[in-house]
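Coordinate inspection notes
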Amino acid sequence: MTRFTLLLITALIGAGCGATGGSMFSDGRSAYVQQNELTRKDSVHVVQGRIYRGMPIEHALAALGPPNSQDTTTTEEGVRVEYLYRSRPNAFDPGNVPRAYVYAVERTVTDWTGLEKIPRFDAYYQGGM
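Remember, predicted model here, so these are calculated numbers, not experimental data.

1. Focus on the overall build of the protein chain
What the protein chain contains, in helices and strands, is three helices and four strands. From first element to last, N terminus to C terminus, the protein chain shows the α and β order α-α-α-β-β-β-β. For the protein chain, buried positions account for 30% of its 129 residues. Contacts in the protein chain between residues far apart in sequence, at least 24 positions, make up 38% of those at least 6 positions apart. Here the protein chain has roughly 8400 Å² of accessible surface; of this, 56% comes from carbon and sulfur atoms.

2. Overview of the confidence of the model for the protein chain
Considering every residue of the protein chain, the mean pLDDT works out to 79; 73% of them sit at 70 or more. With pLDDT under 50 throughout, residues 4-24 is counted as low confidence; its partners more than four residues away or in other chains account for two contacts.

3. A word on the pattern of salt bridges
According to the stated counting rule, one finds two salt bridges in the structure shown. The shortest N-O distance in the salt bridge between Arg-53 and Asp-111 comes to 2.8 Å. On the criterion of sequence distance, the pair formed by Arg-53 in the loop between helix H2 (40-48) and helix H3 (57-64) and Asp-111 in strand E4 (residues 108-113) is long-range, its members being 58 residues apart. A relative accessible area of 31% places Arg-53 in the partly exposed class. Between Glu-58 and Arg-107 there is a salt bridge, and its shortest N-O distance comes to 2.6 Å. Linking Glu-58 in helix H3 with Arg-107 in the loop between strand E3 (99-105) and E4, this pair joins segments that are 49 residues apart in sequence.

4. So, H2
Of the residues making up H2, those classed as buried are Asp-42, Ser-43, His-45 and Val-46. Just downstream of H2, Gly-49 is the residue with a positive phi angle, here 75°.

5. Some words on the pairing of E3
With five of seven residues buried, E3 lies mostly within the body of the structure. Bridge count for strand E2 (residues 78-86) against E3 is seven bridges, and the pairing is antiparallel. Paired with Tyr-83 across the bridge in E3 is Val-102. As defined by bridge partners, E3 adjoins E4 across five bridges and the pair is classed as antiparallel. The partner of Tyr-103 across the bridge, within E4, is Asp-111. Connecting E3 to the antiparallel partner E4 that follows it, the hairpin turn spans two residues, and Glu-106 within it adopts a positive phi of roughly 50°.

6. Quick word on the pairing of strand E1 (residues 69-75)
Sheet topology places E1 next to E2; seven bridges connect them, and they run antiparallel. Its bridge partner being in E2, Ser-69 is matched across the sheet by Leu-84.

Criteria and thresholds
- Residues numbered from 1 in each chain as written.
- Predicted model: local features only at pLDDT ≥ 70, side-chain atom pairs only at ≥ 80, totals over all residues.
- Heavy atoms only, no water.
- Helix = DSSP H or I, 4+ residues; strand = E, 2+ residues; numbered from the N terminus.
- Buried < 20%, exposed > 50% of the residue type's maximum accessible area, 1.4 Å probe, protein only.
- Contact = heavy atoms within 4.5 Å.
- Areas by Shrake-Rupley, 256 points an atom, 1.4 Å probe, with all protein chains shown as cover.
- pLDDT = per-residue confidence, 0-100.
- Salt bridge = Lys/Arg side-chain N within 4 Å of Asp/Glu carboxyl O.
- Pairing = 2+ DSSP bridges.

Have a look at this one:
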């Protein structure tokens, strides 16, 4: 094979992976909205991959994707669940794995921390609401 052929194959594979990765996740969010009865506000947030305080946790998980883990505790407020999201380690700093948490009490989002540290979430949450 010539160098040009290898370069062309690499470019096509890279373009295909980049195009399908984002659209598959968006299609899943769109399907979730179509299959569930969501308010207009929740529909927009899920499709855009954003969350807000007071959002049903099922919708927030549909917007953000599945967490890496979750921890459940019972408090005076009710059942509190902490959802953990981790970024993938990178080759330049493999020990630095940013973490983000989404908190829910009684199946409703109450708060979150660190979403801006995860590259896929850095622009997809509404801070201050």
